[in-house]
Amino acid sequence: MKSKSIGVLRTSTIVLWFAAMASIGCGPQQAAQVSQTPASSTADLMKQRGLSEADVNAALQTYTPTGKKDEYITFASGGHGGNLIVIGVPSMRILKYVGVFTPEPWQGYGYGDQSDTILEEGSRFGKKLTWGDMHHPALSETNGDYDGEFLFVNDKANPRVAVIDLHDFVTKQIVTSTLIQADHGATFVTPNTEYVVESTQYPAPLGGGYAPIEEFQDKYRGAAIFWKFDRENGKIDPAKSFAIELPPYMQDLADAGKLDSEGWVFINSFDTEMAYGGNLEGNPPLESGASQNDMDYMHIINLRAAEQVAKAGKTKKIAGMDVISLDTAIEEGLLHLLGEPKSPHGMDVTPDGKEIVVAGKLDTHATVYEFAKIKSLIEQKKYAGKDAFGVPILPFEDSIRGQVELGLGPLHTQYDDKGNAYTSLFIESAIAKWSIKDLKVLEKVKVHYNVGHIVAAEGDTVNPDGHYLISMNKWAIDRFSKVGPLLPQNFQLINIASEPMQLLYDMPLPLGEPHYAQMIKADKLKPIDVYKPAGYDPIKDEHSANAVKAKEERIVRDGKDVNVYMTAVRSHFTPDIIRVKKGDTVHLHITNVEQAHDATHGFTIGSYNVHSSLEPGKAVDITFVADREGTFPFYCTEFCSALHLEMAGYMLVEPG
Ligand code: CUA
């Protein structure tokens, strides 16, 4: 199979090369003058480029000829870039950056009225935020399987959750609550996307107030927020969302139960020592203070029961959110703790929902918990004790099926379609493949270097696909050409269907540190081609009240407000002259009236920080004060047609 495909490549390469040479009017001899090293055969190419047969085999598994499409789409967090990165697999071609927590100029995201409202609603304490620390994307699910409709993602630094509609790959909503001051266990969805989970990382007084850090144990708290998703509206409904107060441990990653464990939520934690640093004040640094205990706690939340308690109104309002207090959570049996070996990190429910895999950063094992055992211990009220806040602790030994020794620094686990698990080993820079049933390591593949999260095809669903896994490596030293002290991250594509696993491709990711990703079968996504009919407002998700039709273009002055109703079509804006007076407020209402696929225009007025993307059928509103007199050209920023440069006009701002 392998040698046959190379044979095919060789023949076709030669045929194509001769065809190309013939078409530019030169034979092989003249061609030799053009290029010293014509690509005459695969064997020659391999020799010239120093490629082994394994390299060529890997290349053939990822190379995607022009016009061919990828089998999977990966949605990766853009880390500090605050945007979402859409990547084709196996080609590892970047298809799109979606503006989410950060203004994104290409899409005009954050440069017009509609998208400004999205970034505005993500303000905290009245401060508009122009960056985010994006961590964990979660695709919407139906019966525990990705359905390709929506994607949720969190901002760890400014705890927020965004909703991206995959019908047009546009961010439609950002929600935030000042209840918490940093998140990490976000976003994770329940199997039918009823709730999007966001839980704290660093405890703080709930609601954002001040309390002396010495009162950490009394006044500081964590919380888990359950954002209610309204699929019909494509939006989170904050009024139907609620939270549970948690002890001041540093809650970490989370996962929602599925199938057998549906209706439950599991959240890791570290710093159950409740250390808070103070290394200049005679205390141990936070990192060592937080690493004293042999066990930290898994938080087990009965979400179905919690929902009933919240609906019954047994909550208090904090920062506008209905919060179930820690005491109520204990009284109502909503919260249990369970020991987890040293500084746990990954929290991954198995595809059948029967087990939970937790890996401890400072332990060499992954621990496999059985949900049935956990549930039975809760029902029997069989506790090993209680924590300082009175939360019952389940006995560790009675909750687990076993442990598997994986290697150094195990973090995150993904699953395939054959009953295997894959766990990233941060310190060892490797991925361990192991049998869930036998708790035995089957093999390891080295990665480069310091892998954090990994993502397998449909790896968080009830039906993982296996096939591909991406190792999301934090360090990239010696892998790419040098670009100064700030290096890209390295995404490494691995074929996990082959035995042994095969490293296929290195992809530098140079925009923020991506944390996590999810990979969906490409044919599950059904995005639209154009907004139909023309005049659609993608942010409000409705036909725009300000949509403009051809021949209805106009400029309407109302006092100092000037409304410009403009259309864009290849290759002109109408109107192409806008006359205003200094001090006027200009309201641009621009509709791209085209319905042809990919006939996108852009719009900018220089020096006014105005930019918009006008995809076919899209309507945008842009408001600004013409506070500087002068002559300001405006033009189309997308190379839309042969007369793209002529798609321009003037805004004339007369002295007031
Ligand atoms: Cu329209 Cu360029």
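In this text the structure is predicted, and so the values were computed from the model without any measurement.

As a further point, take empty space enclosed by the protein. Applying the stated criterion across every chain, the model contains 2 cavities of 30 Å³ or more. Taken as a whole, the largest cavity spans an internal volume of roughly 220 Å³. Along the wall of the largest cavity there are 23 residues; nearest its centre are Phe188, Asp255, Asp460, Tyr516 and Gln518. Taken together, the elements giving at least two residues each to the lining of the largest cavity come down to strand S4 (138-142), strand S8 (183-189), strand S13 (250-256), strand S19 (344-349), strand S25 (410-415) and strand S29 (451-457). A total of 4 residues in the lining of the largest cavity trace back to one element, the largest contributor, which is S13.

Further remarks concern unusual backbone geometry. That bond from alanine 186 to threonine 187 is cis: its omega, -10°, falls within 30 degrees of zero. Along the chain, threonine 187 falls in strand S8. The omega torsion across lysine 532 and proline 533 is -15°, close enough to zero to call that bond cis. Mapped onto the fold, proline 533 is located in the loop between strand S33 (517-521) and strand S34 (536-537).

Glancing now at the pairing of strand S28 (residues 440-446). Residues in a regular strand project their side chains so that they alternate between the two faces of the sheet. Note: strand S27 (residues 430-435) against S28, 6 bridges, orientation antiparallel. Residue pairing for S28: tryptophan 434 is matched across the bridge by valine 441. Connecting the antiparallel pair S27 and S28 is a turn made up of 4 residues, with leucine 439 showing a positive phi of about 50°.

Attention shifts here to the confidence of the model for the protein. Segments scoring low in pLDDT should not have their predicted coordinates read at a detailed level. The pLDDT averaged across the protein works out to 93; a share of 94% of its residues lies at or above 70. Within the model, the stretch residues 1-35 combines pLDDT values under 50 with 20 contacts to residues more than four positions away or in other chains.

Turning our eyes to something else, we now look at the layout of surface pockets. Here the largest pocket defines a volume of roughly 1,400 Å³. Around the largest pocket, the lining is made up of 44 residues, and of these Lys96, Asp168, Phe169, Ile528 and His597 lie nearest the centre. Elements supplying a minimum of two residues to the lining of the largest pocket: strand S3 (94-99), helix H5 (113-121), strand S7 (170-176), strand S42 (610-614) and strand S43 (619-625). The leading source of residues in the lining of the largest pocket is S3, at 4 residues.

The rules behind each value
Residues numbered from 1 in each chain as written. Predicted model: local features only at pLDDT ≥ 70, side-chain atom pairs only at ≥ 80, totals over all residues. Heavy atoms only, no water. 1 Å grid on protein atoms, 1.4 Å probe; cavity = no way out; pocket = protein on both sides within 12 Å on 5 of 7 lines; lining within 4 Å. Points joined across faces, edges and corners; volume = space filled by probe spheres on them. Helix = DSSP H or I, 4+ residues; strand = E, 2+ residues; numbered from the N terminus. Pairing = 2+ DSSP bridges. pLDDT = per-residue confidence, 0-100. Contact = heavy atoms within 4.5 Å.

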